[in-house]
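Okay, here's what each chain looks like letter by letter:
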Amino acid sequence: MKRMIEIVSVLLIISFVLTQLPITSFGKSAISSENRIMVSMGDSYSSGEGVEPFYYQGESELKRSTNPDFLAHRSESSWPGQLKLNGVSNAMKNHRNNNWYFVAASGAETKDFQGSQMKDYSRNDIGICVDLEPQLKVFEQFEKNEVDFVTMTIGGNDVGFSKIIANAVTSSKNHKFINPCSLSDQLNDAWKKYYNGTKKDPVCTKDKIQQAYKDVRGSAGDETSIIVAGYPKLIEVKHDFQIYFSEYEAELIDKNVSKFNKELEGIVNSLNDENFYFVSVEEAFDGHGAYSKNGSYINGIMKNKKYDLKEIDIHDLSNTLVSAYSMHPNEKGIEVYRTCVQDKIDEIEKAKGQALVETTTTKADIKEEVDWRQVYIDYLKKYMNEVDNPDVCGFSLVYIDNDDTPELVTRDGDAHYSAASVYTCVDSKVIELVGDLGGTFGSIEYVERESLIYSTVMYQGRGTTTIYSVDAGACKKLISLYSNEVATPEGMEPEYMINDKIVSKSEYYNAWDKYKDNNLSYSSDGDMALSLDAIESINSY
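Small disclaimer: the values here were computed from a predicted structure and weren't measured.

Peer 1: Describe the nonpolar core, naming the residues involved and giving the relevant values.
Peer 2: In this structure, Met-41, Phe-139, Met-152 and Tyr-213 are the most contacted members of the largest nonpolar core, which totals 79 residues. For this core, the leading source of residues is helix α11 (residues 247-270), giving eight residues. Ignoring sequence-local partners within four residues, the contact set of Tyr-213 consists of Met-152, Ile-154, Val-228, Leu-264, Ile-267, Val-268, Leu-271 and Phe-276.

Peer 1: I'd love a proper account of the pairing of strand β10 (residues 420-426), names of residues and values included.
Peer 2: In terms of burial, β10 is largely enclosed, as six of its seven residues are buried. Note that strand β9 (residues 407-411) and β10 share four bridges and pair antiparallel. Within β10, the position partnered with Leu-408 by the bridge is Tyr-423. In this structure, β10 lies alongside strand β11 (residues 429-437), joined through six bridges in antiparallel fashion. By the bridge assignment for β11, Cys-425 is matched with Val-430. Counted along the chain from β10 to the antiparallel partner β11, the turn is two residues long, and its residue Asp-427 has a positive phi close to 50°.

Peer 1: Just give me the short version of the pattern of salt bridges, but keep the residues and values in it.
Peer 2: Under the defined criterion, the tally for this structure stands at 15 salt bridges. Put simply, Asp-286 and Lys-233 hold a salt bridge, and the shortest N to O gap is 3.4 Å. Within this pair, whereas Asp-286 is found in the loop between α12 (282-285) and α13 (317-320), its partner Lys-233 is found in the loop between β6 (225-229) and α11, the two being separated by 53 residues in sequence. The closest approach of N and O atoms between Glu-251 and Lys-255, which form a salt bridge, is 3.7 Å. Residue Glu-251 and its partner Lys-255 are both found in helix α11; the two are separated by four residues, about one turn of the helix. On the accessibility criterion, Glu-251 (35% relative accessible area) is partly exposed.

What counts and what doesn't
- Residues numbered from 1 in each chain as written.
- Predicted model: local features only at pLDDT ≥ 70, side-chain atom pairs only at ≥ 80, totals over all residues.
- Heavy atoms only, no water.
- Core = buried A, V, L, I, M, F, W, Y, C linked by side-chain atoms within 4.5 Å.
- Buried < 20%, exposed > 50% of the residue type's maximum accessible area, 1.4 Å probe, protein only.
- Helix = DSSP H or I, 4+ residues; strand = E, 2+ residues; numbered from the N terminus.
- Contact = heavy atoms within 4.5 Å.
- Pairing = 2+ DSSP bridges.
- Salt bridge = Lys/Arg side-chain N within 4 Å of Asp/Glu carboxyl O.

Next up, the structure:
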């Protein structure tokens, strides 16, 4: 019971809100980070399904189960987030909800542009249904033509390729023997639906996709550049791993994907819209489909994973046995998508005269990106030799400020009184931001990429939270909040303090309201033991 009280106290005390950014007027006369905007929408091939971590993956399961970003499986490594625009420093993922708006969702169909997409989380006795906002709603905050670029992949789920492939995998060998044309029949049915619709739904898939394109154009404005990326062929035809697919089936699936890409390109061309573009990725993926001997850029068939929205249901294996990660680009495939779409963006920027702004990566930038890894490795090896008991120590890499270099958090033990210290890398040197945060089990909490850290010490219902801000490699204390509310016996008045000065209850909670935020991350989620193997693993981070 005492432990539960402390947990509740933590949930009440350790949350804060970010100060709101001022509303900016976006003009088109100049190219700068303040007025370049990209919206990335569509389905799982844009959301980054299958490439962890997803946004808010590190939250508690209860929080994950209701968080739209996690439910949509929006990956922190998605290819849209790695794109760049002239006038915006670094990749778009570093400017989320400022220059980059990410609304793509795994499983999305064209209907989810205008309507709500329902997400069902069903794991570990948690069953929650959440409606994601219509993707086109993102444009309501902008004036017409305020958005520079829209990227998307859409239509694959309308055709139903993923369900067809899942059915092919979960069908028994006996079923395939009885009806070897099952896969072909399902694909033929999909094309009938594509061209003619059904009695239940007479609007054909082709018209739905065309209307979705038009809806995006109507919402964004005539001057916005809209890029539709196609889909890769999924399975390498010549492969040894034929448990799930024969060569015939692999070839049949890939031919239908190619056919679908041609249809998508044809729909884009039929719009007669000079600011609407189709980008094919087929050629870039050729030879690297799932199960390729030359290295796959596509995930093969994967069994249910920890972060799938549903766990295996023994009553409905066809729905949950195959992970949603299956048949989606892996990290290498994400890079292929990024390269193909970035090339088109660069081409468009150049044609519009916007490539005059120099934003290319320099050799110095590349050196800086590589250097922090070795700097942290050298520092941790030295730290490991200096501490008395390295076996109980640890470290983690977290993104606190808004750049491409993570911060380093060290943990000097595994007891309640253990302290955490936070470092960053500046000019190839390790700089301490804040240290000796004792009584924290050696961990910190932070709001990712928003330059805010807080340290919370709890003891027998008494809690102190100290909040820090990070700016340009320096750290300063913002506020310290103390309360013994949970530990105070009934009938007595609790004590509240701000920066070690006694205040009223209303003053205390007014201060919390100013700094309250629920999007918290924890350094302990990525904690690694202080060992040589773990330290060397930073090279592949």
